[in-house]
Structures are given as C-alpha cells and as structure tokens.
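Coordinates in review
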Amino acid sequence: MPTNIVVVGMGYVGIPMATLLADVDDFYVTGIQRRSQRSSWKIDWLNRGLNPFEGEEPGLDELVARVVKNGKFKVTDKYSDVKNADYILIDVQTPVDDQKTPRYESLKEVSQQISKHMKKGVTVILESTVAPGTTDNVVQTILEEGSGLKRGRDFYLVFSFERLMPGKLLEYIINFPRVIGGGCKEANDKAMYLYGKVVKKELQITDTLTAELTKCIENAYRDVNIAFANEMALLTEDFNRNIFEIIELINHRHDRMMHYPGSGVGGHCLTKDPWLLLYGFNKYTERTNESKIKIIPDSRSLNDYMPYHMVELMESIFRESHRLVDNIKITLLGVSYKANTDDTRNTPTENIIRALKSRYHSHNIIYIAHDPHVKSRDYNLTELTKDFDKAVTDADVLLFTTNHREYYNIDLVDLKKKVRTPIIIDGRNIFDKKLVEEIGFIYRKVGEGSKKPY
Ligand code: SAJ
C-alpha cells in the first residue's frame, strides 16, 4: 500500500525532509509551497529535479533529481493532495516580531487550509519551532474546528522538531536523535513509523508540551551559555587578561565545555527560540515563578549588546590615539552570522553597521563589507565585495566579525601595507595579539585586555 505524504513549506526544513521521505519505497510526497514573487521559481525548480539551495548541501542535488525522476516527489501551490494524505508535515517559518511575539500568520493559514481537506485517520506533524503550548492551543484548535474531526479519535497530531543546520541538512535529519511528542500512543506509533524510515538515531517519545519545551530550551541553553562566555569576556578584558586562554584551561577538564564569546549571536534559531519559550510561559502558564525568570532575557540582551561592544572597542582606539572617526574607510570582514556559510539571517555584522551609521551619520565615512560566501544581491546595508584587496585597501579600521576559514591565513605583513591606518578589531579570536602588534597593528580583541604591560 503506498503511503501518501504532504509536506507544507518548501524551505530549509521542508525540502530535505520531503525528499528523504520520497526516497523511501512506497512513499509518495507532495510538497506545498505558496506562490509569491520570491518563491514561485522554487516550485518550478524543484519540479524539474533541481535543488534550489546555493550553499553546499552534500547529497541533496542527487536526492532531489532522483525522487523527481522516479515520480515520487512533486511540488504544487494547491492543497488538493491533502485529502489523500496519510501524513501531513508542517514546516513553515515562525519568526518573532519586534515585541518578541511569534508571528503565526503562516502557521494559522496552513492549519486552516489543512483542516478543510484532511481525511479521517491522518497524522499531522508540526516540525516548525513554536512557543510551548502552540500545538495544543493553536494548531489543534484550528484543525478540529475546520475539519469537525477530533484529535486522538479521528486524526493524530504530533510535535516533532527539526535540528537542522545549513550545510548539513540531510546529515542532521538522518544522524540526530528525533524527539516525538504525540498526544497518545497511536500518534507516537504513527510518527515512529514515518521517522523510522529516514532517521538512523534514537526516536525518543514524550508528550507534546515536553517536546516543544525541549526544542526551545535546547537553544536557550546554548544562548545563555554564549552570554555567560560574553560576560566573562567583558570581565576578563578589565582584568587585562585573555578569556580564550582561560576557556582553554577550563575545557582541558574533559567534563567542561565552555562556549566562546564574540561579536554577537546571529542566525534564525538562537535569536528567536528563547523568546518563543518566554512567550509560551507568559501565555499558557499561571506564571507563579515569573519574578525568578531573568537569565533568558538578560542573556539575550547581553548577546545583542556584543556588536555595540565592537564599536566601543573601535572607539577606544580612536580616542586613545587622538584620531577622529571622520573621513575614514571602515571595513567589515564577514557578513554571514556563522563561519563558512552564506547565511546572513540576523547577522551581528548588520547591527555593527547600524550602530556605526547611527552614531556617525553626519561623518564622512566609507563603509565596505567583505565576505567570501555571501552574494551582494542578498545584502543591501552597505557595499559588499568578495574581493579582499578591494575591501582592505586604504582602510582605516578592519572589524573582523565572522571567523571564516580564509581569515586565518591572511598575510598580515602584506595587509599592513595595503591599509591606510593599521587598526584591527577582532570579534572572533582570529589573531594572536602579540603577533599582530609586532607587525605594527593597533589591536583590540573581544575578550582580551589591551593595557600594557601584559
Ligand atoms: N556563537 C558564539 N559562541 C559560541 C557558539 C556560537 O558566539 O560558542 C554564535 C555564532 O557566531 C552565531 C550564533 O552564535 O552567530 C549561532 O551559532 P550556532 O553555532 O548555535 O548556529 P545556529 O544558529 O545555526 O544553531 C544551530 C542550532 N540549530 C537549530 O536550532 C536547528 C543549534 O541548536 C545547534 O546547537 C547549532 O546549530 C550547532 O551546534 O550546530
């Protein structure tokens, strides 16, 4: 008997999941993607058997081509295939707005569409990250109201989150354990059957709310740990010592794994999931412990402050050397939020540029950014180039914001000849202070004191 699957949302999560499932014997998958100016090409592209992602995604080109050629996978903007679906996966974006409130427009719209067409016995799986409580209070309500069916009796609803990372989309689905939070045994069994076909690691069963909490807390944990590292970096700067040396000494203990400070925390997950956690807490609990909940917002605000600290480090050099932040060229090295990727979502570099532009809006400053991976069409805050020489020539200050592999191999002697003023602000522990200063740069690093003698 063929198993019919619908995956709604053809993005970073939906495409790898849909195509992996379509590669299973007797599984037939329809991807649903709303047509918009930005996404229409993707539907046609996928239907031609082409992988739409530009970054390196090992195995995905072949997989997409194979499942389309074998007639196992197609993409449409219509919901008609939902009526025959045994499984429906929801993989839509769930961002937060400026007030840190989740924007569920897509999630609600998709749930409504599904509710109009879904058949009895279907298993709906929510894979998008949501505020704890959302599966039961938002998705279940919409599905039941729209379909007239009852969860656990007429259909099943499961929350099972993705743990993806651009560059390793297939690997992380296949080789990471999968948490399954169904509302009842039948729901969990159905989800186990599906994921068991593609996931090679443990399938861990829990209830829906616990699964939602697991996802948000997993990323809040990482964010809080990075905030701790950032706080220790600020403290160590004032002690005139190097936090990275200290982290190495700590992590040499095999059971310690301190995170690393830097010029900020970007990406789609860590900047959002802690807020989803707090939103769920405020909305779906009685909040008896509210006064004690401080670490998450404090961590978020410290991590958000780090780009401004980069600006402060720069200003301290200009102040101490009696230079004016005027008539200068500022070069930012690294635009993606993470090393060796082209992903610019919530990149800290953007906040550094914004802070500089707002502080020095009436000053005569040339800004240029360099990134070996990011395409200039994906970036419009300032001029962006892949030409390193163009970016650094005649620069008055170099702000290293992303630790791309290329930056570790820079010939610093040659670099010194190209710049107009030799100032480096290192936000990612790329360089050795002593070495850089010996070559003649004025140098500041997030997490290392600058006073002499050392
Ligand atoms: N960062 C630091 N210090 C660190 C680690 C990271 O400042 O010690 C910064 C990075 O520079 C970046 C941001 O934090 O700007 C996020 O980095 P990340 O390595 O956590 O990368 P993400 O956002 O791609 O996180 C993903 C997460 N995946 C999902 O939510 C689906 C996260 O759960 C994973 O733990 C992480 O990848 C990973 O370990 O690869």
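See above for the structure.
So, a few notes on the structure that sits alongside this text. What you are looking at is a predicted structure, and each value in this text was computed from that prediction instead of being measured. (Residues numbered from 1 in each chain as written. Predicted model: local features only at pLDDT ≥ 70, side-chain atom pairs only at ≥ 80, totals over all residues. Heavy atoms only, no water.)

1. Here we look at the sheet that holds strand 7 (residues 178-182)
Backbone hydrogen bonds hold the strands of a sheet together, and the pairing may be parallel or antiparallel. Put simply, the rule is: At least two bridges found by DSSP between two strands are what make those strands a pair. Numbered from the N terminus, helices here are DSSP runs of H or I no shorter than four residues, and strands are runs of E no shorter than two. Angles here are taken between N-to-C directions and fall from 0 to 180 degrees, while the axes themselves are lines fitted to C-alpha atoms, restricted in helices to the stretch in contact. In what follows, residue pairs with any heavy atoms lying within 4.5 Å of each other are defined as contacts.
Taking strand neighbours across the sheet as the criterion, the 8 strands line up as 3-2-1-4-5-6-7-8 in an open arrangement whose pairing is mixed. The sheet is open, and its two edges are formed by strand 3 (73-76) and strand 8 (203-206), each paired on a single side. Strand-to-strand twist across the sheet, computed as the mean angle between neighbouring axes with direction ignored, equals 25 degrees. As judged from the 4 bridges shared by strand 2 (residues 27-32) and strand 3, these two strands associate in the parallel manner. Within strand 3, the position partnered with Gly31 by the bridge is Val75. Packing against the sheet, helix 5 (residues 134-147) makes contact with strand 4 (87-90), strand 5 (123-126) and strand 6 (156-159), and its axis sits at approximately 150 degrees to strand 6.

2. So, empty space enclosed by the protein
Which entries qualify depends on this criterion: Definitions used throughout: a 1 Å grid over protein atoms alone; a cavity as a set of points that fits a 1.4 Å probe which cannot get out; a pocket as an open set with protein on both sides within 12 Å along at least five of seven lines; a lining residue as one with an atom within 4 Å of a point. Grid points are joined across faces, edges and corners, and a volume is the space filled by probe spheres set on the points. Each residue gets one label: Ala, Val, Leu, Ile, Met, Phe, Trp, Tyr, Cys and Pro are nonpolar, Asp, Glu, Lys and Arg are charged, and the others, such as Gly, are polar.
This model, assessed by the stated rule, comprises 1 cavity of 30 Å³ or more. If you trace the largest cavity, you find it lined by Phe161, Glu162, Arg163, Leu164, Tyr172, Ile173, Phe176, Pro177, Arg178, Val179 and Val199. For the lining of the largest cavity, the secondary-structure elements that each account for two or more residues are helix 6 (169-175) and strand 7. Along the lines of polarity and charge, the residues of the lining of the largest cavity split into 8 nonpolar, no polar and 3 charged.

3. Structural notes on the packing of helix 8 (residues 208-239) against helix 11 (residues 295-320)
For clarity, the threshold we go by: Angular relationships are summarised with four words: roughly parallel below 35 degrees, roughly antiparallel beyond 145, roughly perpendicular across 65 to 115, and oblique for the angles in between. Each helix crossing is assigned a hand: it is left-handed if the near helix lies turned anticlockwise from the far helix by less than a right angle, otherwise right-handed if that turn is clockwise.
Relative orientation of the contacting elements helix 8 and helix 11 amounts to 45 degrees, with a least axis distance of 8 Å. Accordingly, the angle class assigned to the pair helix 8 and helix 11 is oblique. For the element pair helix 8 and helix 11, the recorded crossing hand is left-handed. Within the contact between the two elements, helix 8 uses Ala220, Asp223, Val224, Ile226, Ala227, Asn230, Glu231, Leu234 and Glu237 and helix 11 uses Ile295, Ile296, Ser299, Arg300, Leu302, Asn303, Tyr305, Met306, His309 and Leu313. For the contact of helix 8 with helix 11, a count of residues per class yields 11 nonpolar, 4 polar and 4 charged.

4. A short note on the packing of aromatic side chains
As a reminder of what qualifies: Each pair of aromatic rings taken from Phe, Tyr and Trp, with Trp reduced to its six-membered ring, is defined by centres within 6.5 Å and is described as stacked if the planes are under 30 degrees apart, edge-to-face if over 60, and tilted in the remaining cases. To sort residues, take the accessible area from a 1.4 Å probe on protein chains only and compare it with the maximum for the residue type: under 20% means buried, over 50% means exposed, and anything in between is partly exposed.
On inspection of all chains with the given rule, the structure shows 8 aromatic pairs. Relative to Phe161, the ring of Phe159 lies with its centre 6.1 Å away and its plane at 35 degrees, an arrangement referred to as tilted. The exposure classification of Phe159 matches that of Phe161, with both residues buried. On the basis of an interplanar angle of 80 degrees and a centroid distance of 5.5 Å, the ring pair of Phe400 and Tyr407 is categorised as edge-to-face. Each member of the pair, Phe400 together with Tyr407, is buried. Members of the aromatic cluster, joined through ring pairs, are Phe400, Tyr407 and Phe431.

5. Brief notes about helix 11
Just so we agree on the cut-off: One less than the residue count of a helix, multiplied by 1.5 Å, gives the span that helix is expected to have. The bend reported for a residue corresponds to the angle between axes fitted to the seven residues ending at that residue and the seven starting there.
The end-to-end C-alpha distance of helix 11 is 35 Å, a good match for the 38 Å that 26 residues give at a rise of 1.5 Å each. Maximal helix bending in helix 11 amounts to about 35 degrees, located at Pro307. His322 lies just past helix 11 and shows a positive phi near 55 degrees.

6. With respect to the nonpolar core
Note the cut-off: By convention a nonpolar core is built from buried Ala, Val, Leu, Ile, Met, Phe, Trp, Tyr and Cys residues, the set being connected through side-chain atoms within 4.5 Å.
One finds Ile5, Leu21, Phe73 and Leu89 to be the most contacted residues of the largest nonpolar core, which totals 40 residues. When residues in this core are grouped by element, the largest group, 6 residues, is from helix 1 (residues 14-22). For Leu21, the contacting residues outside a window of four places in its chain are Ile5, Phe27, Val29, Leu89, Leu194 and Val198.

7. Focus on the pairing of strand 4
Put simply, the rule is: Here is how to tell: hold the view so the strands point away, follow the path from the first strand over the helix to the second, and if it runs clockwise the crossover is right-handed.
Neither face of strand 4 is open: one carries Tyr87 and Leu89, the other Ile88 and Ile90, and all of them are buried. Pairing analysis gives 4 bridges linking strand 1 (residues 3-8) to strand 4, with the strands arranged parallel. Bridge pairing links Ile5 to Tyr87 in strand 4. After leaving strand 4, the chain enters helix 4 (residues 105-117) and then returns to the sheet as strand 5, a path that is right-handed.

8. Comments concerning the sheet that holds strand 12 (residues 397-400)
Pairing is parallel across the open sheet formed by 6 strands, whose spatial order is 11-10-9-12-13-14. Each edge of the sheet is formed by a strand with only one pairing partner; in this case those strands are strand 11 (383-385) and strand 14 (442-445). This sheet shows a mean twist of 20 degrees between the axes of neighbouring strands, independent of strand direction. Looking at chain direction, strand 10 (residues 365-370) and strand 11 are connected through 3 bridges and run parallel. What sits directly across from His370, in strand 11, is Thr385. Sheet contacts for helix 12 (residues 348-359): strand 9 (328-333), strand 10 and strand 12; angle to strand 9, the most-contacted strand, approximately 165 degrees.

9. Things to note about the site of the ligand
Threshold: For this description, a residue counts as near a given molecule or strand if any of its non-hydrogen atoms is within 4 Å of it. As used in this structure description, the phrase polar contact means that two N or O atoms lie within 3.5 Å; if the pair is within protein, one of them must be able to donate a hydrogen and the other to accept it, and residues adjacent in sequence are counted only when both atoms belong to side chains. Computed by Shrake-Rupley with a 1.4 Å probe, the accessible areas treat only the displayed protein chains as cover when residues are assessed. Delimitation of the domains relies on an automatic or database domain assignment.
Around the ligand, 18 residues are found, and the nearest of them are Asn219, Arg222, Tyr260, Tyr337 and Lys338. Contact distances for the ligand include 2.7 Å between a nitrogen atom and a backbone N or O atom of Tyr260. One of the backbone nitrogen or oxygen atoms of Gly266 is found 2.9 Å away from an oxygen atom of the ligand. With the chains in place, 84% of the 750 Å² that the ligand exposes on its own is no longer accessible. A class-by-class count of the residues in the shell around the ligand yields 8 nonpolar, 4 polar and 6 charged. Each of domain 1 (3-206) and domain 2 (207-454) gives at least three residues to the shell around the ligand.

10. Some remarks on the environment of Lys215
Note on placement: Lys215 falls in helix 8. Apart from residues no more than four positions distant in its own chain, Lys215 is found in contact with Thr129, Phe159, Phe161, Glu162 and Asp273.

11. Quick word on the packing of helix 8 against helix 10 (residues 273-284)
Remark: helix 8 packs on helix 10, axes separated minimally by 8 Å, with the N-to-C direction vectors making an angle of 130 degrees. Compared by their axis directions, helix 8 and helix 10 come out oblique. The handedness of the crossing between helix 8 and helix 10 is left-handed. Residues Leu213, Lys215, Cys216, Ile217, Asn219, Ala220 and Asp223 of helix 8 form the contact with helix 10, whose own contacting residues are Asp273, Pro274, Leu276 and Leu277. For the contact of helix 8 with helix 10, a count of residues per class yields 7 nonpolar, 1 polar and 3 charged.

12. A short note on the side chain of Ser336
If you trace the backbone, Ser336 turns up in the loop between strand 9 and helix 12. Setting aside residues no more than four positions away along its own chain, Ser336 makes contact with Thr341, Asp342, Asp343, Thr344, Thr347, Asp371, Val374, Thr402 and His404.

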